[in-house]
Amino acid sequence: MRMLLHACCCSCFSSVFEQIGGSYDLTVYFCNPNIKPDKEYARRLEELKNYPPSMGIKIVEGTRNFIELPYGPEGGERCRVCIGYRLNEVAKYSKENGFDIFATTLTVSPHKNSEMINGLGQVLSRKYGVEYLLSNFKKKNGYLRTVELSKQYGLYRQNYCGCTPKEIHPS
Ligand code: SF4
């Protein structure tokens, strides 16, 4: 099956790739216009392109256009809108380019609500007529593996998702 896998950084990707990389004909979709500043965006994309275990796997960069997000803390409505926007791009690209299934690495993060993400994925699956892989990649030591693999390959681990701290906690 041809899968379009949305990924936002190499550390999260490393564990998900270990879990499902062998089961699909994979293309990685870096669609993360939420990541600020530009330097950070470029760093995450570059590292993804150079991850030794997935060398040779195609990486496509998605849109850099983004939307205004509602104000609020991480984990709430602000994130739902942000993730919904990105997953919509993933599902749309899947449909337009003949993928059988789409998925996201986002559920590997303990800061992300897998139920909310899977709900969005299912809605978009119906909208575009492309299968969505339900996931909770943090389970079965999935998150722990991001830490271990990052150590093994010397991966960069950012301490924030994509919004600058000021956007979430303006003082
Ligand atoms: S914390 Fe992450 S998911 Fe939430 S709004 Fe910011 S960039 Fe998007």
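Below you will find a few notes about this structure.

A few words on the overall build of the protein. The helix and strand tally for the protein stands at 6 helices and 5 strands. Sequence-ordered secondary structure for the protein, helices as α and strands as β, is β-α-β-α-β-α-β-α-β-α-α. With respect to the principal axes defined by its C-alpha atoms, the protein has extents near 45 × 40 × 30 Å. For the protein, with 171 residues in total, the buried portion stands at 36%.

Pairing is parallel across the open sheet formed by 5 strands, whose spatial order is β3-β2-β1-β4-β5. Whereas interior strands pair on both sides, the edge strands pair on one side only; in this sheet they are β3 (59–61) and β5 (131–132). In this structure, strand β4 (residues 101–104) lies alongside β5, joined through 2 bridges in parallel fashion. Residue pairing for β5: Phe102 is matched across the bridge by Tyr132.

Relative to the helices and strands, Met116 is located in helix α4 (residues 114–128). When the 17 C-beta atoms within 10 Å are taken as the criterion, Met116 is described as partly exposed. It is 9.6 Å that separates the C-alpha atoms of Met116 and Gly84, two residues lying 32 residues apart in sequence.

Now for the nonpolar core. One finds Leu4, Ala7, Phe13, Tyr29, Val90 and Phe102 to be the most contacted residues of the largest nonpolar core, which totals 36 residues. Elements with a contribution of two residues or more to this core: β1 (2–6), α1 (10–20), β2 (25–30), α3 (77–96), β4 and α4.

Here we take up the pairing of β4. Across 4 bridges, the pairing between β1 and β4 is parallel. Of the residues in β4, the one forming a bridge with Leu4 is Phe102. Regarding the hand of the β-α-β motif, the stretch spanning β4, α4 and β5 is right-handed.

The next subject is the site of the ligand. The full set of residues close to the ligand is Asn34, Leu69, Glu74, Arg78, Cys79, Cys82, Ile83, Cys161, Gly162 and Cys163. Its residues placed into classes, the shell around the ligand shows 6 nonpolar, 2 polar and 2 charged.

This next bit is on the packing of α1 against helix α5 (residues 142–153). It is at 8 Å that the axes of α1 and α5 come closest, and there the two elements cross at 115°. On the basis of their axis angle, the class for α1 and α5 is roughly perpendicular. In this structure, α1 crosses over α5, and the sense of that crossing is right-handed. Facing α1, whose interface residues are Ser11, Cys12, Ser14, Ser15, Glu18 and Gln19, α5 presents Gly142, Arg145, Thr146, Leu149 and Ser150. Residues that form the contact of α1 with α5 fall into these classes: 2 nonpolar, 7 polar and 2 charged.

This next bit is on the pairing of β1. With 4 of 5 residues buried, β1 lies mostly within the body of the structure. Judged from the 5 bridges that link them, β1 and β2 form a sheet pairing that is parallel. Within β2, the residue paired with Met3 across the bridge is Leu26.

Let us now look at the packing of α3 against α4. Two packed helices can be described by the angle between their axes and the distance between those axes. One can describe the packing of α3 onto α4 by two numbers: an axis separation of 9 Å at closest approach and a directional angle of 35°. Considering the relative orientation of α3 and α4, their crossing is right-handed. Only Met116, Ile117, Leu120, Gly121, Leu124, Ser125, Lys127 and Tyr128 of α4 make contact with α3, whose side of the interface consists of Arg80, Ile83, Gly84, Leu87, Asn88, Ala91, Lys92, Ser94 and Lys95.

Conventions used here
Residues numbered from 1 in each chain as written. Predicted model: local features only at pLDDT ≥ 70, side-chain atom pairs only at ≥ 80, totals over all residues. Helix = DSSP H or I, 4+ residues; strand = E, 2+ residues; numbered from the N terminus. Buried ≥ 20, exposed ≤ 12 C-beta atoms within 10 Å, placed from the backbone. Pairing = 2+ DSSP bridges. Core = buried A, V, L, I, M, F, W, Y, C linked by C-beta atoms within 7 Å. Right-handed = clockwise from strand over helix to strand, strands pointing away. Near = placed C-beta within 6 Å. Nonpolar A, V, L, I, M, F, W, Y, C, P; charged D, E, K, R; others polar. Axes fitted to C-alpha atoms, helices over the stretch in contact; angles between N-to-C directions. Parallel < 35°, antiparallel > 145°, perpendicular 65-115°, else oblique. Left-handed = near helix turned anticlockwise from the far one by under 90°. Contact = placed C-beta atoms within 7 Å.

None of this, on its own, says anything about what the molecule does.
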